[in-house]
Amino acid sequence: VDELFEQHKPAIYPSSCSAAKDRAYETPEPYSERNLYGQWTATTKIAPINADGPLQGKTFGIKDNINVAGLPANNGSEIMQGYIANTDATVVTRILEAGGTIIGKTQCENLCYSGGSHTSHPVPVRNPHNPLHHAG
């Protein structure tokens, strides 16, 4: 059984996080001009690894429950405040290798327990079509 396990270990997709210490980000104030609906937990600009890939010219917001090395990963919760990811999730690496640019982390529900957009920390995400309603 031990030999079988060794033969079938899942491959870990190589991470693009070697430059993570150089990744700058901002945490725009909720409902401010740069975060009108409370949608961003962090904004950044992470350039693609392969600028000629199939995602060339496309920008991506990564949900706050997905790790982006060097950026906060609060998972929509106050108890996660201060946690900075030290590795990129596989999807992040693949986006960057395919030519995509990451422009920030988007808010999610408190520990991803609700679909209503009203439990996220520090504020609920507002609906851009009617800011009096939640986005969920």
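Thresholds, definitions, all that
Residues numbered from 1 in each chain as written. Predicted model: local features only at pLDDT ≥ 70, side-chain atom pairs only at ≥ 80, totals over all residues. Heavy atoms only, no water. Helix = DSSP H or I, 4+ residues; strand = E, 2+ residues; numbered from the N terminus. Buried < 20%, exposed > 50% of the residue type's maximum accessible area, 1.4 Å probe, protein only. Contact = heavy atoms within 4.5 Å. Areas by Shrake-Rupley, 256 points an atom, 1.4 Å probe, with all protein chains shown as cover. Salt bridge = Lys/Arg side-chain N within 4 Å of Asp/Glu carboxyl O. Disulfide = S-S within 2.5 Å. Phe/Tyr/Trp six-rings, centres within 6.5 Å; stacked < 30°, edge-to-face > 60°. Lys NZ or Arg CZ within 6 Å of the ring centre and 35° of its normal. Core = buried A, V, L, I, M, F, W, Y, C linked by side-chain atoms within 4.5 Å. Pairing = 2+ DSSP bridges. Arc of directions from axis to C-beta.

Asker: Which parts of the structure should I look at to understand the overall build of the chain?
Answerer: A count of helical and extended segments in the chain gives 2 helices and 6 strands. Going from the N terminus to the C terminus, the chain shows its helices and strands as α-β-β-β-α-β-β-β. Out of the 136 residues in the chain, the part that is buried amounts to 35%. Within the chain, residue pairs in contact and separated by at least 24 positions form 60% of the contacts whose partners lie at least 6 positions apart. Approximately 8,400 Å² of the chain is accessible, and the part contributed by carbon and sulfur atoms is 54%.

Asker: Help me understand the pattern of salt bridges in this model?
Answerer: Side chains bearing opposite charge may pair, as long as their charged atoms lie close to each other. Overall, the coordinates contain 3 salt bridges when judged by the stated rule. Between Arg 34 and Glu 26 there is a salt bridge, and its shortest N-O distance comes to 2.6 Å. Since its relative accessible area comes to 48%, Arg 34 is described here as partly exposed. Overall, Glu 26 belongs to the partly exposed group, its relative accessible area being 43%.

Asker: What exactly am I supposed to notice about the state of the cysteines here?
Answerer: Here, the word disulfide means a covalent bond between the sulfur atoms of two cysteines. According to the stated counting rule, one finds 0 disulfides in the structure shown. Cys 112 forms no disulfide, and the closest cysteine sulfur to it belongs to Cys 108, at a distance of 3.9 Å.

Asker: Even after reading the chapter, I still don't get the packing of aromatic side chains, so can you show me in this structure?
Answerer: Centre-to-centre distance and the angle between the planes together describe a pair of aromatic rings. Following the criterion strictly, the structure yields 0 aromatic pairs and no others. We note Arg 126 situated over the ring of Tyr 31; from NZ or CZ to the ring centre the distance is 3.5 Å.

Asker: How should the nonpolar core be read in this particular structure?
Answerer: Proteins that are soluble and globular tend to have nonpolar side chains buried together. Within the largest apolar cluster, 8 residues are counted, these being Ile 46, Ile 62, Val 68, Leu 71, Val 92, Ile 95, Leu 96 and Ile 102. What Ile 46 contacts, discounting residues up to four positions off in sequence, is Arg 23, Val 68, Leu 71, Leu 96, Gly 100, Thr 101 and Ile 102.

Asker: Would you mind going over the sheet that holds strand β1 (residues 25–26) with me for this structure?
Answerer: Within a sheet, neighbouring strands are paired by backbone hydrogen bonds and run either parallel or antiparallel to one another. Here we have 4 strands laid out as an open sheet, ordered β1-β2-β4-β3, and mixed in their pairing. Each edge of the open sheet carries a strand with a single partner, namely β1 and β3 (59–63). Pairing between β3 and strand β4 (residues 101–106): 5 bridges, direction parallel. Pairing of Gly 61 across the sheet is with Gly 104, part of β4.

Asker: For this particular structure, what's the right way to read helix α2 (residues 90–97)?
Answerer: Since the α-helix advances by 3.6 residues per turn, residues separated by three or four positions end up pointing in the same direction. Considered for burial, the residues of α2 that qualify are Val 92, Thr 93, Ile 95 and Leu 96. Down the axis of α2, the buried set is contained in an arc of 160°. They therefore lie on one face. Those residues of α2 that are buried lie in contact with β2 (40–46), β3 and β4. Remark: Gly 99 follows α2 within two positions and exhibits a positive phi of approximately 100°.

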